[in-house]
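A structural walkthrough
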Protein chains: 2
Amino acid sequence: MQEPCNRDWETLKKDRAERLKAAAHLTSNGKFVKYSDAVELLQCVIKPYDIVNIEGDNQKQADFLAECLCRVDPKVVNNLHMVQSVIALPEHTGVFAKGIARKLDFSFSGTQAGAIAELINSGSVELGAIHTYLELYGRCFVDLTPRVALVAGVQADRLGNIYTGFSTEDTPAIVEATKFKQGVVVFQVNEIVDKVPRVDIPADWVDFIIKSPRPFYIEPLFTRDPALITDAQVLKGMMALKGIYAEYLVQSLNHGIGFDTAAIELLLPTYGEELGLKGKICTHFVLNPHPTLIPAIESGWVRSIHCFGGELGMEEYVTARSDIFFNGPDGTLRSNRAFSQVAGHYATDMFIGGTLQIDRWGNSSTATTTRISGFGGAPNMGCNANGRRHSSAAWLKCGTETTGKDNAIGGLTRGKKLVVQIAETFREKLAPGFVEELDAVQLAKNAGLSLEPVMIYGDDLTHIVTEEGIAYLHKCCDMEERMAAVRGIAGYTELGLSADPAETRRLRELDIIRTREDLGISITNANRSMLAAKNMRDLVKWSHGLYHPPMRYRTW
Amino acid sequence: MQEPCNRDWETLKKDRAERLKAAAHLTSNGKFVKYSDAVELLQCVIKPYDIVNIEGDNQKQADFLAECLCRVDPKVVNNLHMVQSVIALPEHTGVFAKGIARKLDFSFSGTQAGAIAELINSGSVELGAIHTYLELYGRCFVDLTPRVALVAGVQADRLGNIYTGFSTEDTPAIVEATKFKQGVVVFQVNEIVDKVPRVDIPADWVDFIIKSPRPFYIEPLFTRDPALITDAQVLKGMMALKGIYAEYLVQSLNHGIGFDTAAIELLLPTYGEELGLKGKICTHFVLNPHPTLIPAIESGWVRSIHCFGGELGMEEYVTARSDIFFNGPDGTLRSNRAFSQVAGHYATDMFIGGTLQIDRWGNSSTATTTRISGFGGAPNMGCNANGRRHSSAAWLKCGTETTGKDNAIGGLTRGKKLVVQIAETFREKLAPGFVEELDAVQLAKNAGLSLEPVMIYGDDLTHIVTEEGIAYLHKCCDMEERMAAVRGIAGYTELGLSADPAETRRLRELDIIRTREDLGISITNANRSMLAAKNMRDLVKWSHGLYHPPMRYRTW
């Protein structure tokens, strides 16, 4: 028998104890640190080359800690490897510009998409990969475990129990991965109280707590003003409802962010009702509490909604609708991005969302050569879940229609998730939505990526909706036919103009392409008058005054 | 604007309050109930047609509560819909036999596989679906949310905080889904203490706590005695190591349960060392703490292991190896099946495990006509994760070798997960491991299932290892070639005998089939002498006495 080696098996634990000891002089009551000592705390507990996670959710930003990390001395703290789901604040890119961090693994960048692209192209950031959220959480438990997590809560009690509030989001996943691999967990909270309304993170999972000088930053990312929905979006929404929702009777689903899906939500109580679909579609959602879903909820369409995070202004409404949302005994929402993404992957029949570009093969991406925006949850929900083993009518119908099954699995039965992209043939500044080649291809070359950053691959995509029609891609017998279907609904883009009218006609006969006329939708009805709410004020009325839009949306 | 309906939006909350009130007379200190009142408690908080989850993990059974549920009056509690990951105890099927429960959605059944099949065939159980674990958790947040959860912990403190112990497993997922949709959470615990070593579930997520008359049942499910590993398993393990692990340099992976993967684990410090693979493969695992992995850990092969659950006897060893495992500040393992399955799906490059049957197309299943055993986590880990967006050398190499990419996604790059099945051409009682048609097909007909219960589909499977050789299925250009590859390694089964020797030769030339000779493995070395530990006692020695096997394994 070979001799076992006699190494020290508790290096992480000892290293952790050293870090805590180095910071001990900054604490009172064991774990509370003054915000004026926050930068020094980070210099005590973070070491060069550490993997560090700054919580940067869509709805809840550990912004004070991000700012503090930007202010550490790069001679003391440097070469950090940032592993975080969202790059949303200037400080998130600032740590790279200042030489504090070096490597980045992330999922989504909003307003920082341009800055990230610049930093990568200039060599200031070494990019690991752009992940889908759930994938990044998974890696936190395998090869990207954070050494230090900088996270945010609403309140802490005197023992250190944390109430994350309405937007729990990523916090449980990050904290669990960090704390249990002997890492260090630092919370910023808005206030310290005697008793938290609910314990979201137990005190013994928390090392340091700082009462932030200001509440954490929060963005109403999922709020869409109905007044800005266009007639074209209404038309596409009606086509999607009749040609996809009604066709497959989709009950469990996710709606991506955007005006297209907001239009669909506002069409449920009107056009959806007219089509007799109430109770037959859209009963179970996985999504943030979209204000534009209020009319459908109030009209009794929706039975259950599990949320990734919260949405500013929706707090009171969600509390008052505990039959629909997942609320705690304290009355407030318990969101959880990890579980919601699990549900979005495995327990929904459809993902529908928008994109910037679709290529000739049907692959789509939101990355361009100057903006690396990441994909958040889209690849996870917008892919066929090969591990799924339960059946539903929608999933089975889509699977039955899908070609190529015999070559894949022989004579057995299998369903397929509906993955739908709503696209405009032309976006703002006349940029075409359909292109020969994705910008992602050039971006990958420039940045030396081993994969083109593709949001949804063509073989996962089942439907594209444009103002020209719906393409049912999964029904195509091969790539040639799929390419013809993409061209056939690409309108006046260069790609669309290359379509062969005879081929497009043939695809319409095969029900692979269906135009507005094929679907029997009258253009005279397809306008804003169909929306159940025309503006923010209507949404507030629908909510019985329970929805409180942020000031910037209060135009009345 | 349409009028919103004026319904009651808090029916679940009120119903929950009623149930708690009905049980109030049984409680002391708010939530503690005597075990002699447990049956009455269940009759107060469970109503007919409820969705009920009994925690039945691999390692931790809410067995006392299961027994109590079996003893409720079917006139009071009936038509329950059981949604639970594991059917492992006679009581889990007993509730159906007694008319207390009616419908079942589950993931895995061990010893109850035969009983489940009988109940379904006799019409006593209406089967929803057989899920992969993560899928079932997902549905708990969408359309299968439990109304009542019956779960197990090691300790509760006087406030009701729960310490789940070494085997946290499903508890957080079940409790979160139930509690936040206004459901009722009932814990059985082994003891009530003043202070728990760690809070795994906060007190305000818990409604009732019962000190069980005996500790919960726990099964050493992942323990394999090295003395029972056969020479044939050593040979297959060596072939897998040389033909797959070394070929793709797989670093992050899951090993299924079984003697085949136990053999591989015990070959790492010997044959793996000989091949110069230390540090190059098997550095990051997602699996339960397999005792057979001790020699590889002690020899410095492994950097990180995240666990679904614990394993009896491994407690002290895991505590002493905090650099490798995810342990709490209290020193004990924090396992978590939901996060481990997320990691297994998205953050590992390979799944390798065993099966009972593989059909001519390469589909595999462990279901037979008389046993519905379910698949646990296998479909989730043993499928290509289409949402994955990060790259690794192993994943990219497998993707590059995979045929059919152009027809799927055009000119873009994509990797593929290695999904490996180790099979015996003949199992016990000479049952063939390769068959024309899976028993699952007949089972689906008999039980009226809309899908055949398939564990791993042929198009997800990349490699099959038998004593005859390795088939690299993903390299096959079409179904014809894949079927020939399956036949080519199916030995003396009827399917194997139908192989055309010329075709098999051609596949060997293409490196689609590689035999032991092709791999250059000498039969003289391929025997038990290669194992780093030959028996349980060797494992204990390797562990420096930190591993304490259950009595039944202590044969020395």
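The structure reproduced in this document is the subject of the present report. What you are looking at is a predicted structure, and each value in this text was computed from that prediction instead of being measured. (Residues numbered from 1 in each chain as written. Chains lettered and ligands numbered in written order. Predicted model: local features only at pLDDT ≥ 70, side-chain atom pairs only at ≥ 80, totals over all residues. Heavy atoms only, no water.)

1. Looking at the overall build of chain A
In plain terms, the rule: In this text, helices come from DSSP runs of H or I with a minimum length of four residues, and strands from runs of E with a minimum of two, each type numbered from the N-terminal end. Values of the radius of gyration come from C-alpha atoms, whereas the globule rule sets the reference at 2.2 Å times the count of residues to the power 0.38. Using a 1.4 Å probe on the protein chains alone, a residue whose accessible area is under 20% of its type maximum counts as buried, one over 50% counts as exposed, and one in between counts as partly exposed. In this description, contact between two residues means that some pair of their heavy atoms is separated by no more than 4.5 Å. Using a 1.4 Å probe, accessible areas were evaluated by the Shrake-Rupley method; residue-level cover was limited to the displayed protein chains.
Within chain A one finds 21 helices and 21 strands. In summary, chain A has a C-alpha radius of gyration of 25 Å against a globular reference of 24 Å for 556 residues, a match within 12%. Overall, chain A is about 75 × 60 × 55 Å in size when its C-alpha atoms are taken along their principal axes. A total of 556 residues make up chain A; the buried ones form 68% of that total. Intrachain contacts of chain A at a sequence separation of at least 6 include 73% that bridge at least 24 residues. Of the roughly 17,600 Å² that chain A leaves accessible, carbon and sulfur atoms contribute 51%.

2. Re the pattern of salt bridges
Residue and element names in this part refer to chain A. Heads up, the condition is: Criterion for a salt bridge: a side-chain nitrogen of Lys or Arg within 4 Å of a carboxyl oxygen of Asp or Glu.
One pass over the structure, following the stated rule, counts 72 salt bridges over all chains. The residue Arg16 makes a salt bridge to Asp207 at a minimum N-O spacing of 2.5 Å. Taken together, the positions of Arg16 in helix α1 (residues 11-23) and Asp207 in the loop between β9 (184-193) and β10 (208-211) put the pair 191 residues apart, joining distant regions of the chain. Given a relative accessible area of 11%, Arg16 falls into the buried group. A salt bridge links Arg506 to Glu481; its shortest N-O distance comes to 2.9 Å. Of this pair, Arg506 sits in helix α19 (residues 501-509) while Glu481 sits in helix α17 (residues 479-488), placing them 25 residues apart in sequence.

3. Quick notes on the environment of Asp518(B)
All names here are of chain B. Put simply, the rule reads: Two N or O atoms form a polar contact when they lie within 3.5 Å of each other; inside protein one atom must be a possible hydrogen donor and the other a possible acceptor, and for residues adjacent in sequence the pair counts only when both atoms belong to side chains.
Position of Asp518 relative to the elements: it lies in helix α20 (residues 516-519). Between the alpha carbons of Asp518 and Trp361 there is a distance of 24 Å; along the sequence they are 157 residues apart. Ignoring anything within four residues of it in the chain, the contact list for Asp518 reads Arg508 and Ile513. Polar contacts involving the side chain of Asp518 include one to the main-chain amide nitrogen of Thr515, which spans 2.9 Å.

4. With respect to the pairing of strand β19 (residues 463-466) of chain B
Residue and element names in this part refer to chain B. Spelled out, the test is: For two strands to be treated as a pair, DSSP must find no fewer than two bridges joining them.
Neither face of β19 is exposed, since His463 and Val465 on one face and Ile464 and Thr466 on the opposite face are all buried. Pairing analysis gives three bridges linking strand β17 (residues 418-422) to β19, with the strands arranged parallel. In the sheet register, Val420 faces β19, and the bridge partner there is His463. Both β19 and strand β20 (residues 469-472) contribute to a ladder of four bridges, which runs antiparallel. Bridging across to β20, Val465 finds its partner in Ile470. Here β19 folds back onto β20 in antiparallel fashion, the turn holding two residues.

5. Observations regarding the relation of the copies chain A and chain B
Comparison of the two chain copies shows a relationship of rotation about an axis with a shift along it. Put simply, the test is: Copy-to-copy alignment: least squares on C-alpha atoms, limited to residues at pLDDT 70 or above in both.
Placing chain A over chain B gives an RMSD of 0.0 Å and needs a rotation angle of 180°, together with 0.0 Å of translation along the axis. Within this description, the copies of the chain are treated as partners about a two-fold rotation axis. Looking at the rotation axis and the C-alpha trace of chain A, the residue lying nearest is Pro202(A), at 3.2 Å.

6. Structural notes on the interface of chain A and chain B
The test is simple: Accessible area, probed at 1.4 Å, shrinks when two parts are joined; the buried area is that loss added up over both. Classification convention: Asp, Glu, Lys, Arg as charged; Ala, Val, Leu, Ile, Met, Phe, Trp, Tyr, Cys, Pro as nonpolar; all other residues, Gly among them, as polar.
Residue-level contacts link 116 residues of chain A with 117 residues of chain B. Carbon and sulfur atoms make up 59% of the area that chain A and chain B hide from each other, which totals about 9,700 Å². The largest contributions to the chain A side of the interface with chain B come from Trp9(A), Asp323(A) and Arg389(A), which together make up 10% of the buried area. Put simply, chain A and chain B have six salt bridges between them. Of the charged contacts in the structure, one is a salt bridge between Glu176(B) and Arg334(A), with a shortest N-O distance of 2.9 Å. Our count for the contact surface shared by chain A and chain B stands at 55 residue pairs in polar contact (both at pLDDT 80 or more). A per-element tally of the side of chain A that touches chain B places helix α12 (residues 337-346) of chain A first, with six residues. A breakdown of the residues in the side of chain A that touches chain B according to their chemical character gives 49 nonpolar, 35 polar and 32 charged.

7. A closer look at the side chain of Asp225(A)
All names here are of chain A. For clarity, the cut-off: The convention is simple: Lys and Arg are positive, Asp and Glu are negative, and His and the chain ends are not counted.
For Asp225, the location among the structural elements is in the loop between β10 and α8 (231-248). Arg528 is the oppositely charged side chain nearest to the buried, salt-bridge-free Asp225, at an N-O distance of 7.0 Å. For Asp225, the side chain forms a polar contact with the main-chain nitrogen of Ala227, separated by 2.9 Å. Leaving out residues up to four positions away in the same chain, Asp225 has contacts with Phe259, Asn535, Met536 and Tyr553.

8. Let's talk about the nonpolar core
Test applied: Definition of nonpolar core: a set of buried residues of the types Ala, Val, Leu, Ile, Met, Phe, Trp, Tyr and Cys, connected through side-chain atoms within 4.5 Å.
Core analysis: the biggest nonpolar cluster contains 234 residues, and Leu69(A), Met82(A), Phe187(A), Leu69(B), Met82(B) and Phe187(B) have the highest contact counts within it. Not counting chain neighbours up to four residues away, the residues in contact with Phe187(A) comprise Leu65(A), Val151(A), Ala152(A), Gly153(A), Ile162(A), Thr171(A), Val175(A), Ile201(A), Val206(A), Phe208(A), Ile209(A) and Ile210(A).

9. Observations concerning the sheet that holds strand β16 (residues 364-365) of chain A
All names here are of chain A. Taking strand neighbours across the sheet as the criterion, the three strands line up as β16-β15-β18 in an open arrangement whose pairing is mixed. Two strands close off the open sheet at either side, each with one partner strand: β16 and β18 (434-435). Relative to β18, strand β15 (residues 357-359) runs parallel, the two sharing two bridges. The partner of Asp359 across the bridge, within β18, is Val435.

10. Looking at the side chain of Asp323(A)
Following the sequence through the fold, Asp323(A) ends up in the loop between α11 (315-319) and α12. Using a relative accessible area of 6% as the deciding quantity, one classes Asp323(A) as buried. Filtering out sequence-adjacent residues up to four positions away, Asp323(A) remains in contact with Arg303(A), Arg7(B), Asp8(B), Trp9(B), Glu10(B), Thr11(B), Leu12(B), Lys13(B) and Lys181(B).

11. Let's talk about the sheet that holds strand β15 (residues 357-359) of chain B
One key point about sheets: their strands pair by backbone hydrogen bonds, in either a parallel or an antiparallel sense. If you trace the three strands from one edge of the open sheet to the other, you get β16-β15-β18 (chain B), paired in mixed fashion. The open sheet has two edge strands, β16 (364-365) and β18 (434-435) of chain B, and neither has a second partner.

12. A short note on helix α2 (residues 38-45) of chain A
Residue and element names in this part refer to chain A. Burial analysis of α2 places six of its eight residues in the buried class, which makes it a mostly covered element. Among the residues making up α2, those that are buried are Ala38, Val39, Leu41, Leu42, Cys44 and Val45. Check the buried side of α2 and you find it contacts α1, β2 (32-33), α3 (63-70), β7 (148-157), β9 and β10.

13. Considering the environment of Ala88(A)
All names here are of chain A. Here Ala88 lies in the loop between β4 (80-87) and α4 (90-97). Judged by its relative accessible area of 19%, Ala88 is buried. Put simply, Ala88 and Val540 are 452 residues apart on the chain and 29 Å apart in space, counted from C-alpha to C-alpha. Beyond its immediate sequence surroundings of up to four residues, Ala88 is in contact with Gln61, Thr111 and Gln112.

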